[in-house]
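So you can see what is in the structure, the chains are spelled out below.
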Amino acid sequence: MRRMLVAGNWKMNGSLESIKSLLDGLKSGLSRSEVKCDVVVCPSSVYLPTVSEQIVDSAIKLGSQNICDQDGGAYTGEIAGSMLAEFGCQYAIIGHSERRALYAESDELVAKRFAAARRGKLTPILCVGELLEEREAGQTEAVVSRQLDAVIALEGIDALADAIIAYEPVWAIGTGKTASPDQAQEVHAFIRKKLAALNSDVASNIVIQYGGSVNGANANELFAMEDIDGGLIGGAALKPDDFLAICQAAT
Ligand code: 13P
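About the cut-offs
Residues numbered from 1 in each chain as written. Predicted model: local features only at pLDDT ≥ 70, side-chain atom pairs only at ≥ 80, totals over all residues. Heavy atoms only, no water. Core = buried A, V, L, I, M, F, W, Y, C linked by side-chain atoms within 4.5 Å. Buried < 20%, exposed > 50% of the residue type's maximum accessible area, 1.4 Å probe, protein only. Contact = heavy atoms within 4.5 Å. Salt bridge = Lys/Arg side-chain N within 4 Å of Asp/Glu carboxyl O. Helix = DSSP H or I, 4+ residues; strand = E, 2+ residues; numbered from the N terminus. Near = heavy atom within 4 Å. Polar contact = N/O pair within 3.5 Å; in protein donor to acceptor, adjacent residues only side chain to side chain. Areas by Shrake-Rupley, 256 points an atom, 1.4 Å probe, with all protein chains shown as cover. Nonpolar A, V, L, I, M, F, W, Y, C, P; charged D, E, K, R; others polar. Pairing = 2+ DSSP bridges. Right-handed = clockwise from strand over helix to strand, strands pointing away. Axes fitted to C-alpha atoms, helices over the stretch in contact; angles between N-to-C directions.

A. Layout of the nonpolar core. In this structure, V6, V51, L160, I191, L195, Y210 and F223 are the most contacted members of the largest nonpolar core, which totals 70 residues. The residues contacting L195, other than those within four sequence positions of it, are I152, I157, L160, I165, A203 and I206. Residues C42, Y91, I164 and A166 belong to the second largest nonpolar core, which totals 12 residues.

Structure (structure tokens):
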């Protein structure tokens, strides 16, 4: 039985003040609710220490937005898995489309970051997804396959037993244009079938989140689909009421 997971990717947003008020809202909302899914927040890395302190004694877990592919040394600007773990991170988002597109992270580099997360005992949240042009050209499955294959080639299929996949169609991110439940389900089912051909246990147990303009109003329909196991949430994760409604929809 897969456990639903809702993760908030705060991206490069927030301040000490706004983060405190967001967390206060989430903590009090969660303590009053019957939310049963796993709940993760992924702040900008400078805020990891304060968030880590503020979520002690709450149900909220901590994730990073990226991780260095190396374990330490002369890599200016990067953050190693051991450092993230020291501040209580249990998850690391890997290969987000903004990293792939704006910072030229290749499939191979993403795979190396995935490997580093595993070495650091962090659960990778591996993001995959197609651009609008790719969807329109009928290449969605080929793109998602290529992104998964790079990780499988480096780490092997069994490595996905400790991972989470987030299907995030790039055209749905931050656009307000979410994939329909059927569109998302189709790709999630494709991913699960692809993995099943290599290892059926991994395929049936892996959590596959959907991401891209999820909000309090559309989460129920998306999460009702058979192969959608929660969400990776951007904009709506910055608003306590919306994020709590999404967590409730995953319960
Ligand atoms: P939005 O929910 O703002 O579309 O962002 C999704 C996302 O990129 C989460 O990683």
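B. Highlighting the pattern of salt bridges. Taken as a whole and judged by the stated rule, the model has 18 salt bridges. With its nearest N and O atoms 2.7 Å apart, the salt bridge here joins D24 to K20. One end of the pair, D24, and the other, K20, are both in helix α1 (residues 16-32), four residues apart, so they sit about a helical turn from each other. Looking at K20, the relative accessible area reads 43%, which means it is partly exposed. Here D242 makes a salt bridge to K239, at a shortest N to O gap of 3.9 Å. Through salt bridges that share partners, R2, R192, D227 and D229 make up one connected network.

C. Main features of the site of the ligand. Among the 13 residues in the neighbourhood of the ligand, the closest are listed as K11, H96, G174, S213 and G235. The contact in question runs from an oxygen atom of the ligand to an N or O atom on the side chain of K11, over 2.8 Å. The contact in question runs from an oxygen atom of the ligand to an N or O atom on the backbone of G174, over 2.6 Å. Contact with the protein chains hides 95% of the accessible area of the ligand, taken as 310 Å² for the molecule alone. Its residues placed into classes, the shell around the ligand shows four nonpolar, seven polar and two charged.

D. Layout of the pairing of strand β2 (residues 38-42). Most of β2 sits inside the fold, with five of its five residues counted as buried. Here β2 shows two buried faces, one formed by D38, V40 and C42 and the other by V39 and V41. Pairing analysis gives five bridges linking strand β1 (residues 5-9) to β2, with the strands arranged parallel. Bridge assignment links G8 to a residue of β2, and that residue is V41. Each parallel crossover has a hand, and the one from β1 via α1 to β2 is right-handed. Note: β2 against strand β3 (residues 60-64), three bridges, orientation parallel. Opposite V41, over in β3, you have L62 as the bridge partner. Assessed by its sense of winding, the connection that carries the chain from β2 through helix α2 (residues 48-54) to β3 is right-handed.

E. Quick peek at the pairing of β3. Counting buried positions along β3 yields four of five residues, so the element is predominantly enclosed. Note: β3 against strand β4 (residues 89-94), three bridges, orientation parallel. Each residue of the ladder has a partner; that of L62, found in β4, is C89. Since β3 and β4 lie parallel, the crossover through helix α3 (residues 81-86) that links them has a hand, and here it is right-handed.

F. Summary view of the environment of E226. You can see E226 is positioned in the loop between α10 (219-223) and β8 (230-233). Exposure remark for E226: the relative accessible area of 65% places this residue in the exposed category. Expressed as a C-alpha distance, the spacing of E226 and A189, which sit 37 residues apart in the sequence, is 8.3 Å. Ignoring anything within four residues of it in the chain, the contact list for E226 reads R2 and Q185.

G. Highlighting the sheet that holds β8. Strand order in the closed barrel formed by eight strands is β1-β2-β3-β4-β5-β6-β7-β8, with parallel pairing between adjacent strands. Averaged over all adjacent pairs, the angle separating strand axes in this sheet is 25°, with direction ignored. Bridge count for strand β5 (residues 123-128) against strand β6 (residues 164-167) is four bridges, and the pairing is parallel. Looking across to β6, one finds that C127 is bridged to A166. Where helix α7 (residues 140-155) meets the sheet, its contacts fall on β5 and β6, and the angle it forms with β5 comes to roughly 150°.

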